[in-house]
Amino acid sequence: MPSAYAQRFARLTELLAHWQPLWAPEPFRYRRAPWGAAFPALEAWLLGLDEAERERLEAAPFAASRLADWLPVAELAALSEVAPLPEAAGTPPLPEAWATHVGGRKWAQIGAFAARLAPAPAYLEWCAGKGHLGRALARRDNARVIGLEWQASLCQAGQALAEAQGADLSLHEQDVMADSAADWLTPGRQLVALHACGDLHGRLVRRAAEGRLPLTLAPCCYQRTAETSYRPLSRQGERAMAEHGLALPREQLALAVQETVTAPRQVRLSRARANAWRLGFDELQRELRGEDRYLPVPSLAYGRLPDDFAGFCRWAAAEKGLSLPPHLDWARFEAAGATRQARVERLELVRHLFRRPLELWLVLDRLLCLEEAGMAVRLGTFCERSLTPRNLLIQAR
Ligand SMILES: C[S@@+](CC[C@H](N)C(=O)[O-])C[C@H]1O[C@@H](n2cnc3c(N)ncnc32)[C@H](O)[C@@H]1O
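What counts, and at which threshold
Residues numbered from 1 in each chain as written. Predicted model: local features only at pLDDT ≥ 70, side-chain atom pairs only at ≥ 80, totals over all residues. Heavy atoms only, no water. Helix = DSSP H or I, 4+ residues; strand = E, 2+ residues; numbered from the N terminus. Rg over C-alpha atoms; globule rule 2.2 N^0.38 Å. Buried < 20%, exposed > 50% of the residue type's maximum accessible area, 1.4 Å probe, protein only. Contact = heavy atoms within 4.5 Å. Areas by Shrake-Rupley, 256 points an atom, 1.4 Å probe, with all protein chains shown as cover. Lys, Arg positive; Asp, Glu negative; His and termini not counted. Charge placed at Lys NZ, Arg CZ, Asp CG, Glu CD. Core = buried A, V, L, I, M, F, W, Y, C linked by side-chain atoms within 4.5 Å. Domains from an automatic or database assignment. 1 Å grid on protein atoms, 1.4 Å probe; cavity = no way out; pocket = protein on both sides within 12 Å on 5 of 7 lines; lining within 4 Å. Points joined across faces, edges and corners; volume = space filled by probe spheres on them. Nonpolar A, V, L, I, M, F, W, Y, C, P; charged D, E, K, R; others polar. Near = heavy atom within 4 Å. Polar contact = N/O pair within 3.5 Å; in protein donor to acceptor, adjacent residues only side chain to side chain. Sits in = over half its atoms within 2 Å of the grid points. Expected span 1.5 Å × (residues − 1). Arc of directions from axis to C-beta. UniProt positions renumbered as here; feature names shortened; annotations may be inferred. Buried area = accessible area lost by both parts, 1.4 Å probe. Salt bridge = Lys/Arg side-chain N within 4 Å of Asp/Glu carboxyl O.

An unreviewed UniProt entry lists the protein chain under the name Methyltransferase, from Bisbaumannia pacifica.

Caption draft 1: Quick look at the overall build of the protein chain. If you tally the helices and strands in the protein chain, you get 13 helices and seven strands. The C-alpha radius of gyration of the protein chain comes to 24 Å, within 12% of the 21 Å expected for a compact globule of 397 residues. Its C-alpha atoms put the protein chain at 70 × 50 × 40 Å along the principal axes. Burial analysis of the protein chain (397 residues in total) assigns 52% to the buried set. Across the protein chain, every contact between residues at least 6 apart in sequence was considered, and the portion connecting residues at least 24 apart equals 69%. Split by element, the accessible area of the protein chain, about 18400 Å² in all, is 52% carbon and sulfur. If the 49 positive side-chain charges of the protein chain are averaged to one point and the 46 negative ones to another, these points end up 1 Å apart.

Caption draft 2: Structural view of the nonpolar core. Core analysis: the biggest nonpolar cluster contains 75 residues, and Leu-46, Leu-67, Trp-126, Trp-361, Leu-370 and Leu-379 have the highest contact counts within it. The leading source of residues in this core is helix H13 (residues 330-372), at 15 residues. Looking at this core, you find at least three residues from each of domain 1 (4-79 + 261-353) and domain 2 (96-254 + 356-396). Membership of the second largest hydrophobic core comes to 31 residues, among which are Trp-107, Ala-128, Leu-137 and Leu-169.

Caption draft 3: Geometry of unusual backbone geometry. Of note in the backbone geometry, Asn-142 takes a positive phi value of approximately 50° without being a glycine. Note that Asn-142 resides in the loop between helix H6 (132-141) and strand S2 (144-149). Even without a glycine there, the phi angle at Arg-212 is positive, about 50°. On the secondary structure map, Arg-212 appears in the loop between helix H8 (198-211) and strand S5 (215-220).

Caption draft 4: Summary view of the layout of surface pockets. Approximately 410 Å³ is the volume found for the second largest pocket. Around the second largest pocket, the lining comprises 18 residues; the ones closest to its centre are Cys-127, Ala-128, Gly-129, Glu-149 and His-195. Counting only elements with at least two residues in the lining of the second largest pocket, the list comes to helix H5 (104-114), H6 and strand S4 (190-197). The element that contributes the greatest number of residues to the lining of the second largest pocket is S4, accounting for four residues. A breakdown of the residues in the lining of the second largest pocket according to their chemical character gives ten nonpolar, four polar and four charged.

Caption draft 5: Quick look at empty space enclosed by the protein. This structure, assessed with the given rule, holds one cavity of 30 Å³ or more. In this model, the largest cavity occupies a volume close to 40 Å³. Lining of the largest cavity is provided by Leu-22, Pro-25, Pro-27, Ala-33, Pro-34, Trp-35, Leu-347 and Arg-351. A class-by-class count of the residues in the lining of the largest cavity yields seven nonpolar, no polar and one charged.

Caption draft 6: Focus on the site of the ligand. Inspection of the region around the ligand gives 15 residues, with Lys-106, Glu-149, Asp-175, Val-176 and Leu-194 positioned closest. At 3.3 Å, a backbone N or O of Trp-150 approaches a nitrogen atom of the ligand. Within the contact set of the ligand, an oxygen atom lies 3.0 Å away from a side-chain nitrogen or oxygen of Gln-151. A molecule is said to occupy a pocket when more than half its atoms come within 2 Å of that pocket's grid points, and by this definition the ligand occupies the second largest pocket. Per-class residue counts for the shell around the ligand are seven nonpolar, four polar and four charged.

Caption draft 7: How the structure looks around the side chain of His-132. You can see His-132 is positioned in helix H6. With a relative accessible area of 15%, His-132 lands in the buried category. Side chain to side chain, His-132 and Arg-135 meet in a polar contact 3.1 Å long. Non-local contacts of His-132, meaning those with residues more than four positions away in its chain, are made with His-101, Val-102, Ile-110 and Leu-161.

Caption draft 8: Quick look at helix H7 (residues 152-164). The terminal C-alpha atoms of H7, which comprises 13 residues, lie 18 Å apart, in line with the 18 Å expected from a rise of 1.5 Å per residue. Residues of H7 that are buried: Cys-155, Gly-158, Gln-159, Leu-161 and Ala-162. Down the axis of H7, the sector holding all buried residues measures 160°, keeping them to one side. Those residues of H7 that are exposed and aimed more than 90 degrees away from the buried face are Gln-156, Glu-163 and Ala-164.

Caption draft 9: Representation of the UniProt feature "domain: Methyltransferase" (unreviewed entry) in the protein chain within the structure. Per the UniProt record, the feature "domain: Methyltransferase" (unreviewed entry) sits at residues 120-226. With 35% helix and 28% strand, residues 120-226 has end C-alpha atoms that lie 34 Å from one another.

Caption draft 10: Highlighting the domain arrangement of the protein chain. The domains assigned to the protein chain are domain 1 (4-79 + 261-353) and domain 2 (96-254 + 356-396). Opposite the 17 residues of domain 1 that make contact, domain 2 presents 25 residues. Around 1800 Å² of area is buried between domain 1 and domain 2 when both sides are counted, 76% of it from carbon and sulfur atoms. Here domain 1 is connected to domain 2 by zero salt bridges. At the boundary of domain 1 and domain 2, one finds four residue pairs in polar contact (both at pLDDT 80 or more). For the side of domain 1 that touches domain 2, the secondary-structure elements that each account for two or more residues are helix H1 (4-23) and helix H4 (73-80).

Have a look at this one:
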């Protein structure tokens, strides 16, 4: 009898594979939704949405969504539901005095993560950064903690903090992808990783499964992988992908971690303007090149955006080696960009429905890999999504 996790994973595989033609294409690349011909009423309904309703659905994709007329909204919502993991007994909140040198948000995440760990005598922190989590655990449990981190400067800064606070933490400069990282994975140490990216946490999961080592992991950035196409960790993942013909190119994995925490208003406005200008430039370049195809333009760091649309287009054209005619109707292209932006934001609502299901599918693949190794596993959230959208926690022992 497959576990409840395995059943959920199997159904998610089916849904993700079936609806991939709708959730995978990024609307900004297209003038018309690639699925528009197959679902004309859906496209028309989305494009007709007023701004208030669009914003509401963006904030809460599953709530009272008319998309249910076309898509399995209720089932996706049910499959995405994850309950909070109960706090472990004997874990009082971390003293606020220990929060110095840690950002407020990070400290709150560490507190929530630590609360799910029963006191233990020894830990190994994977991709530790400055070892903020490891240091907190070392102090809370009087534990010996080893942290692995490849950046020497972070190891040094973290080591100095640990010594100043009398925490038994030693940070080691170590590439966790190297074979030598396995030397640290000795029995008796709880493995912990908070927001270790793609391949880095993938390696940890495989090693934990091989050695049946207890693990608590909050994964993130699934798209940060050397594989151009997703390679499942679990045998069930391999079978299910083959059965449903599901292939996941690396770029598609990014949907699972698309930003969902609301950025400050100023940043959001600037981002929206940049996106509209990009689409305005896209209209322009299609016309100039006589080729109706999206042309990717490099990203610009926040604050580096030129002052006006013409300035942006000059920059983008130079980046792409395109020469611009001396006279251009800038207003026309700028307006076309704004129109396309409004369309993109509406078509994106379809993708939003599959964002959490895809993330959950990826997390379940990791969990099943551990379960297949004979470990007892559980999955839950460790904090609210407003604290970090990457709030899913895997525990295996
Ligand atoms: C997203 S940060 C998370 C850090 C810390 N756990 C936290 O929550 O603040 C990922 C960390 O992994 C480290 N890292 C990246 N690649 C690594 C590798 N191959 N070996 C060891 N550490 C690595 C980075 O330097 C960074 O400190």
